[in-house]
Amino acid sequence: MNRLTIRRPDDWHLHFRDGATMRAVVPYTAHQFARAIVMPNLSPPVTTSALAAAYRDRILDAVPEGVDFTPLMTAYLTDMTDPADLAAGFADGVLTAAKLYPAGATTNSDHGVTDIANIAAVLERMAEVGMPLCVHGEVTHADIDIFDREAVFIDRVLAPLVDRLPELKVIFEHITTRQAAEFVDAAGPNVAATITPQHLHINRNAMLVGGIRPHMYCLPVAKREEHRLALRKAATGGSAKYFLGTDSAPHHRHTKETDCGCAGIFNAPYALESYITVFDEEGALDRFEAFAAENGPAFYGLPLNEGTVTLEKAPVSVPAEVSGGEAVIVPFHASETLSWRLVS
Ligand code: DOR
Ligand code: ZN
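Read on for a plain summary of the structure. Since the model is a prediction, treat every value here as computed from it, not as a measurement. (Residues numbered from 1 in each chain as written. Chains lettered and ligands numbered in written order. Predicted model: local features only at pLDDT ≥ 70, side-chain atom pairs only at ≥ 80, totals over all residues. Heavy atoms only, no water.)

1. As for the overall build of the protein
Turning to step 1, where the next piece is worked out: Across its full length, the protein carries 12 helices and 13 strands.
Turning to step 2, where the next piece is worked out: On C-alpha atoms alone, the protein measures out to a radius of gyration of 19 Å, which is about the 20 Å that the 2.2 N^0.38 rule sets for 344 residues.
Turning to step 3, where the next piece is worked out: Principal-axis analysis of the C-alpha atoms places the extent of the protein at approximately 50 × 45 × 40 Å.
Turning to step 4, where the next piece is worked out: Counting all 344 residues of the protein, 57% fall into the buried class.
Turning to step 5, where the next piece is worked out: When contacts within the protein are restricted to residue pairs at least 6 apart in sequence, long-range pairs at least 24 apart make up 73% of them.
Turning to step 6, where the next piece is worked out: In the form shown here, the protein has an accessible surface area of approximately 13,400 Å², with 51% of it arising from carbon and sulfur atoms.
Turning to step 7, where the next piece is worked out: Positive and negative side-chain charges in the protein, numbering 28 and 43 respectively, have mean positions lying 4 Å apart. (Helix = DSSP H or I, 4+ residues; strand = E, 2+ residues; numbered from the N terminus. Rg over C-alpha atoms; globule rule 2.2 N^0.38 Å. Buried < 20%, exposed > 50% of the residue type's maximum accessible area, 1.4 Å probe, protein only. Contact = heavy atoms within 4.5 Å. Areas by Shrake-Rupley, 256 points an atom, 1.4 Å probe, with all protein chains shown as cover. Lys, Arg positive; Asp, Glu negative; His and termini not counted. Charge placed at Lys NZ, Arg CZ, Asp CG, Glu CD.)

2. Concerning the coordination of the zinc ion (ligand 2)
Turning to step 1, where the next piece is worked out: Around the zinc ion (ligand 2), the protein contributes the donor atoms His 13 (NE2), His 15 (NE2) and Asp 247 (OD), at 2.0 to 2.1 Å from the metal centre.
Turning to step 2, where the next piece is worked out: Donor residues binding the zinc ion (ligand 2) come from one chain and are separated in sequence as H-x1-H-x231-D.
Turning to step 3, where the next piece is worked out: Classification of His 13 by relative accessible area gives buried; the value is 1%.
Turning to step 4, where the next piece is worked out: For His 15, a relative accessible area of 7% corresponds to the buried category. (Donors = N, O, S within 2.8 Å, 3.2 Å for Na, K, Ca; no water.)

3. Regarding the environment of Glu 65
Turning to step 1, where the next piece is worked out: Here Glu 65 lies in the loop between α2 (49-62) and β4 (70-76).
Turning to step 2, where the next piece is worked out: Of the residues examined, Glu 65 reaches a relative accessible area of 81% and is grouped as exposed.
Turning to step 3, where the next piece is worked out: For Glu 65 and Phe 288, which are 223 residues apart along the polypeptide, the C-alpha to C-alpha distance reads 29 Å.

4. Remarks on the nonpolar core
Turning to step 1, where the next piece is worked out: Counting residues in each nonpolar core, the largest one holds 83 residues, and the members touching the most others are Phe 16 and Phe 288.
Turning to step 2, where the next piece is worked out: For this core, the element with the highest residue contribution is helix α5 (residues 149-164), accounting for seven residues.
Turning to step 3, where the next piece is worked out: Once residues lying within four places of it in the same chain are set aside, the contact partners of Phe 16 are Thr 21, Met 22, Val 25, Val 26, Thr 29, Val 38, Tyr 55, Ile 59 and Phe 69.
Turning to step 4, where the next piece is worked out: The next biggest cluster of nonpolar side chains, apart from the first, holds 13 residues, and it includes Trp 12, Leu 72, Ile 171 and Tyr 300. (Core = buried A, V, L, I, M, F, W, Y, C linked by side-chain atoms within 4.5 Å.)

5. Re the environment of Leu 133
Turning to step 1, where the next piece is worked out: Its place among the elements puts Leu 133 in strand β6 (residues 133-135).
Turning to step 2, where the next piece is worked out: Between the C-alpha atom of Leu 133 and that of Tyr 76, which follows or precedes it by 57 residues, the distance is 10 Å.
Turning to step 3, where the next piece is worked out: Among residues more than four places away in sequence, those in contact with Leu 133 are Leu 77, Ala 98, Leu 100, Leu 123, Met 126, Leu 161, Leu 168, Lys 169, Val 170 and Ile 171.

6. Comments concerning unusual backbone geometry
Leaving glycine aside, a negative phi is the common case for residues, and trans is the common case for peptide bonds.
Turning to step 1, where the next piece is worked out: With an omega of 0°, the peptide bond running from Ser 43 to Pro 44 counts as cis.
Turning to step 2, where the next piece is worked out: Along the polypeptide, Pro 44 turns up in the loop between β3 (35-38) and α2.
Turning to step 3, where the next piece is worked out: Across the junction of Leu 219 and Pro 220, the peptide omega takes the value -5°, indicating a cis bond.
Turning to step 4, where the next piece is worked out: Considering the arrangement of structural elements, one finds Pro 220 in the loop between α8 (205-208) and α9 (225-236).
Turning to step 5, where the next piece is worked out: Of note in the backbone geometry, Asn 108 takes a positive phi value of approximately 50° without being a glycine.
Turning to step 6, where the next piece is worked out: With respect to the helices and strands, Asn 108 occurs in the loop between β5 (95-100) and α4 (120-129).
Turning to step 7, where the next piece is worked out: On the basis of relative accessibility, which here comes to 33%, the residue Asn 108 falls in the partly exposed class.
Turning to step 8, where the next piece is worked out: Although it is not a glycine, His 333 sits at a positive phi angle of roughly 70°.
Turning to step 9, where the next piece is worked out: Mapped onto the fold, His 333 is located in the loop between β12 (328-329) and β13 (337-342).

The following block contains the structure:
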């Protein structure tokens, strides 16, 4: 197959930032996707319905004229989150989901939840009203090796949570391990997962062999090859529990190429081309549409998009860097040639 037309896809996990960076990166995503779940880890974070509504308006102002793109907003959970505000934001359509960052897990997560027991009432309310919970699934204790943080999170936090609140819709985001895929496969219908393009393409060697490569560093960090292979199987295997979520995370070049570089891979400009390459390599092009455009809306209970996009098997060169507002950003696959291109 050399050409594939699918229903317009969505990105179920994305970072836009704010200000000039946001205005620079919104067009990349709006060009590829009809909707995106927008992460709330701004500084300060988007913790309330009112802040989410204002952020949504700033994003909409940055969507290029004539492009049809809908940001789906999330609220950042803290130890102090008000269940009534969340439920009202969800009922009004301002909020699509809420996001659990364990405090200290990643970029701008310092205001995150210090103990899941502190948000018990919030989670119960979310389960009651059917509001999905997006989860950054890593423990943060200093004594847990960074490569084990996702697997330990499953045992200590996620499995008990899902047992306690089986009605809560949980998206285990940007999964990076065989253990995560096994957990999702075995869990009930209210547990799903997103998978990024980078975790389908690279293992930890990409980041560490031959020198430190900061543009291959994101969180959760890429793991061993066996985990990458398990993720490819999960994404392309036809289960409706897995869907597209890029975790595209813009950081300017100088904030990654420094003595303490930021976590995040900016894959928005060529996300579909990156994902479809994997489906092609796995002989699963017939399953790409479900992963990119059907499983996500089905899980969230949202309508499928109208319209289509077409990809064709033809080389596309990814630039070494792209505009990121005040400074440049090095995209995922920088200076590589991908074998599929987005036609329209
Ligand atoms: O690599 C990451 N970057 N992982 C996250 O969880 C957050 C993100 C960011 O905001 O930069
Ligand atoms: Zn993220």
